[in-house]
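# Architecture at a glance
Okay, here's what each chain looks like letter by letter:
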Amino acid sequence: MTSQPDESDIEMVVHRFYERVRADEVLGPLFNDAIGDWPLHLDKLCAFWSSVMLTTGRYKGQPVPAHRKHADRIDPAMFDRWLALWAQTTSELLERPAARAMQEKANRIAESLKLALFFKLPS
Ligand code: HEM
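Residues numbered from 1 in each chain as written. Predicted model: local features only at pLDDT ≥ 70, side-chain atom pairs only at ≥ 80, totals over all residues. Heavy atoms only, no water.

On to the nonpolar core. If you look at the biggest cluster of nonpolar residues, it comprises 34 residues, and the most contacted ones within it are Val14, Tyr18, Phe31, Trp49, Trp82 and Trp86. Those elements giving two or more residues to this core turn out to be helix H1 (7–23), helix H2 (28–34), helix H3 (38–54), helix H5 (76–93) and helix H6 (96–118). With sequence-adjacent residues up to four places away left out, Trp49 is seen in contact with Ile10, Val14, Leu54, Trp82, Trp86, Met102, Lys105, Ala106 and Ile109. (Core = buried A, V, L, I, M, F, W, Y, C linked by side-chain atoms within 4.5 Å. Buried < 20%, exposed > 50% of the residue type's maximum accessible area, 1.4 Å probe, protein only. Helix = DSSP H or I, 4+ residues; strand = E, 2+ residues; numbered from the N terminus. Contact = heavy atoms within 4.5 Å.)

What follows covers the site of the ligand. What surrounds the ligand is a group of 22 residues, the closest being Lys44, Tyr59, His67, Lys69 and His70. In this structure, Lys69 approaches the ligand through a side-chain N or O atom, which is 3.0 Å from an oxygen atom. Secondary-structure elements contributing two or more residues to the shell around the ligand are H2, H3, helix H4 (63–68), H5 and H6. In terms of residues, the shell around the ligand owes the most to one element, H3, which gives 5 residues. Within the shell around the ligand, the residues separate by chemical class into 15 nonpolar, 5 polar and 2 charged. (Near = heavy atom within 4 Å. Polar contact = N/O pair within 3.5 Å; in protein donor to acceptor, adjacent residues only side chain to side chain. Nonpolar A, V, L, I, M, F, W, Y, C, P; charged D, E, K, R; others polar.)

This next bit is on the packing of aromatic side chains. Each pair of aromatic rings is reported with the distance of its centres and the angle of its planes. Per the stated rule, a full pass over the model turns up 10 aromatic pairs. Considering the side-chain rings of Phe17 and Trp82, the 4.7 Å spacing of their centres and the 65° angle between planes classify their relative orientation as edge-to-face. Pair noted here: Phe17 is in helix H1 and Trp82 is in helix H5, with a separation of 65 residues, a long-range link. Aromatic pair Trp49 and Trp86: ring centres 4.5 Å apart, planes at 20°, arrangement stacked. Taken as a pair, Trp49 in helix H3 and Trp86 in helix H5 lie far apart in primary sequence, 37 residues in all. Its relative accessible area of 2% is what places Trp49 among the buried residues. Of the residues examined, Trp86 reaches a relative accessible area of 1% and is grouped as buried. (Phe/Tyr/Trp six-rings, centres within 6.5 Å; stacked < 30°, edge-to-face > 60°.)

Moving on, we get to H5. Since one α-helical turn is 3.6 residues long, residues separated by three or four positions face the same way. An ideal rise of 1.5 Å per residue puts 26 Å on 18 residues; H5 measures up with 26 Å between its terminal C-alpha atoms. The complete set of buried residues in H5 reads Met78, Phe79, Trp82, Leu83, Leu85, Trp86, Thr89 and Thr90. Projected onto a plane normal to the axis of H5, the buried residues spread over an arc of 165° and lie on a single side. On the buried face of H5, the contacting elements are H1, H2, H3 and H6. The N-terminus of H5 is capped by Asp75, whose side-chain oxygen sits 3.0 Å from the backbone nitrogen of Ala77. (Expected span 1.5 Å × (residues − 1). Arc of directions from axis to C-beta.)

And the structure:
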């Protein structure tokens, strides 16, 4: 049983996931407008997941500002959709422990992105 994905699992999951995202009626329009260079985005996301799951340090970016740019088009329900497609894709392509590991990480990162995007101190 493999409890972590390897680089080729990550590549497969990321590519399939964004195929689904692009075709999704809730998420597709924003992603298709925001991302001009899909091969570059997919490389970046493979590097991101490699850093998250395998601590390779391949990703050097800043997810919070990247999402803040699009805050006017992102609402909390989109995160549920994103996580549902992620759960579906990882469960389909990976053994259960590796799928669960990627789902847990995504849930945590989604929570922190949501806090960064939507949490406002009362004024
Ligand atoms: C980049 C949308 C959730 C990880 C992006 C970009 C968009 C986007 C439009 C491209 C930003 C740009 O370059 O202009 C969304 C939406 C989400 C969501 C609508 C859910 C509602 C997540 C989650 C993760 C994630 C849960 C991680 C688990 C990333 C990363 C990038 C990215 C790593 C690349 C940032 C960079 O340029 O370095 N996302 N995202 N996103 N997203 Fe998301």
